[in-house]
Amino acid sequence: MKPAVFLDRDGVLNQEVGYIHRVEDLNLIPGVAAAVRRLNDRNLFCCLVSNQSGPARGYYPASHVDALHDRLCYLLDEEAGARLDALYYCPYLSPPEGGTDPEFTRWTTWRKPNTGMLVAAAWEHDLDLSQSFMVGDKATDVDMAHNAGCTGILVKTGYGDRVLGGKYQHDTHPDFIASDLAEAVDWMTQQGSKS
């Protein structure tokens, strides 16, 4: 079993602009591709885990989310030769949360802060969750990390500053707070050198 670095998408890898209706509106946060490449160079398994409720809300089909992820992977590679080893996302949403499309409206263990995406990734790729990191910009990312036994890192990009200021979601207790993914990678690699 190997450790992994789980990465939220919006506000961590790409700029947080709300629901992305046009593929070309997905753009990387500066420095992200180089940060992912550093993880690749250390042979750390990099895995996207993202709530993407657009299909459940009827905003766009699941194929649009796939197209966004194709662009994300293209930009990572184009900018720094970086790659994601696996991508998981949750298109589902319960009715009380706003799900309307019958195909994607349901309760699910995959929606953060539930641990379904992490458990699936661990099962399919032989990952050790207790030695893994989760990087996100929301309290639910940190909560999911802790629910699965991972180390939870909150970045200040995206919604991170608003979470820390008490203006978004709820209070949470990350294991580390980073200004951005690059600083999170610095800290993760230091932790690895101490073990």
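Residues numbered from 1 in each chain as written. Predicted model: local features only at pLDDT ≥ 70, side-chain atom pairs only at ≥ 80, totals over all residues. Heavy atoms only, no water.

As named in an unreviewed UniProt entry, the chain is D,D-heptose 1,7-bisphosphate phosphatase, taken from Phormidium pseudopriestleyi FRX01. In the Subcellular location (unreviewed entry) part of its UniProt record, the chain is described as follows: "Cytoplasm". (UniProt positions renumbered as here; feature names shortened; annotations may be inferred.)

1. With respect to the overall build of the chain
A tally of helices and strands in the chain yields 6 helices and 6 strands. Shown N-terminal to C-terminal, the secondary structure of the chain runs as helices and strands in the order β-α-β-α-β-α-β-α-β-α-β-α. For a compact globule of 195 residues, the expected C-alpha radius of gyration is about 16 Å, and the chain comes in at 16 Å, within 12% of that figure. Overall, the C-alpha framework of the chain stretches about 50 × 35 × 35 Å when taken along its three principal axes. For the chain, with 195 residues in total, the buried portion stands at 50%. Within the chain, contacts between residues separated by at least 24 positions form 66% of all contacts whose residues are at least 6 apart in sequence. Accessible surface, the chain: about 9000 Å² in total, of which carbon and sulfur atoms supply 48%. Averaging the locations of the 17 positively and 27 negatively charged side chains of the chain gives two centres separated by 2 Å. (Helix = DSSP H or I, 4+ residues; strand = E, 2+ residues; numbered from the N terminus. Rg over C-alpha atoms; globule rule 2.2 N^0.38 Å. Buried < 20%, exposed > 50% of the residue type's maximum accessible area, 1.4 Å probe, protein only. Contact = heavy atoms within 4.5 Å. Areas by Shrake-Rupley, 256 points an atom, 1.4 Å probe, with all protein chains shown as cover. Lys, Arg positive; Asp, Glu negative; His and termini not counted. Charge placed at Lys NZ, Arg CZ, Asp CG, Glu CD.)

2. Some words on the pattern of salt bridges
Enumeration according to the criterion identifies 9 salt bridges in this entry. One salt bridge in this structure joins Arg 9 and Asp 10, with 3.0 Å as the shortest N-O distance. In this pair, the class of Arg 9 matches that of Asp 10, namely buried. Of the charged contacts in the structure, one is a salt bridge between Asp 25 and Arg 22, with a shortest N-O distance of 3.0 Å. (Salt bridge = Lys/Arg side-chain N within 4 Å of Asp/Glu carboxyl O.)

3. Some remarks on the packing of helix H1 (residues 32–41) against helix H2 (residues 62–80)
Where H1 meets H2, the axes come as close as 9 Å, and the angle between the chain directions of the two elements is 85°. The orientation of H1 relative to H2 falls into the category roughly perpendicular. Contacts from Val 32, Ala 33, Ala 34, Val 36 and Arg 37 of H1 reach H2 at Leu 76, Glu 79 and Ala 80. Of the residues in the contact of H1 with H2, the class split is 6 nonpolar, no polar and 2 charged. (Axes fitted to C-alpha atoms, helices over the stretch in contact; angles between N-to-C directions. Parallel < 35°, antiparallel > 145°, perpendicular 65-115°, else oblique. Nonpolar A, V, L, I, M, F, W, Y, C, P; charged D, E, K, R; others polar.)

4. Observations regarding the nonpolar core
As a rule of thumb, nonpolar side chains are buried together in soluble globular proteins. Core analysis: the largest hydrophobic core is formed by 34 residues, its most contacted members being Leu 13, Val 36, Leu 76, Val 135, Ile 153, Leu 181 and Met 188. Of all the secondary structure elements, the ones that give two or more residues to this core are strand S1 (4–7), H1, strand S2 (45–51), H2, strand S4 (133–136), strand S5 (151–155), strand S6 (176–178) and helix H6 (181–194). The residues contacting Val 135, other than those within four sequence positions of it, are Val 5, Phe 6, Leu 7, Asp 8, Val 12, Ile 153, Val 155, Leu 181, Ala 184 and Met 188. With 20 residues, the next largest nonpolar core counts Ala 4, Phe 6, Cys 47 and Met 117 among its residues. (Core = buried A, V, L, I, M, F, W, Y, C linked by side-chain atoms within 4.5 Å.)

5. Here's the deal with the environment of Leu 26
Here Leu 26 is to be found in the loop between S1 and H1. For the pair formed by Leu 26 and Ile 177, sequence separation is 151 residues and the distance between their alpha carbons is 25 Å. Once residues within four sequence positions are removed from consideration, Leu 26 is found in contact with Arg 9, Asn 14, Ile 20, Leu 68, Arg 71, Leu 72 and Leu 75.

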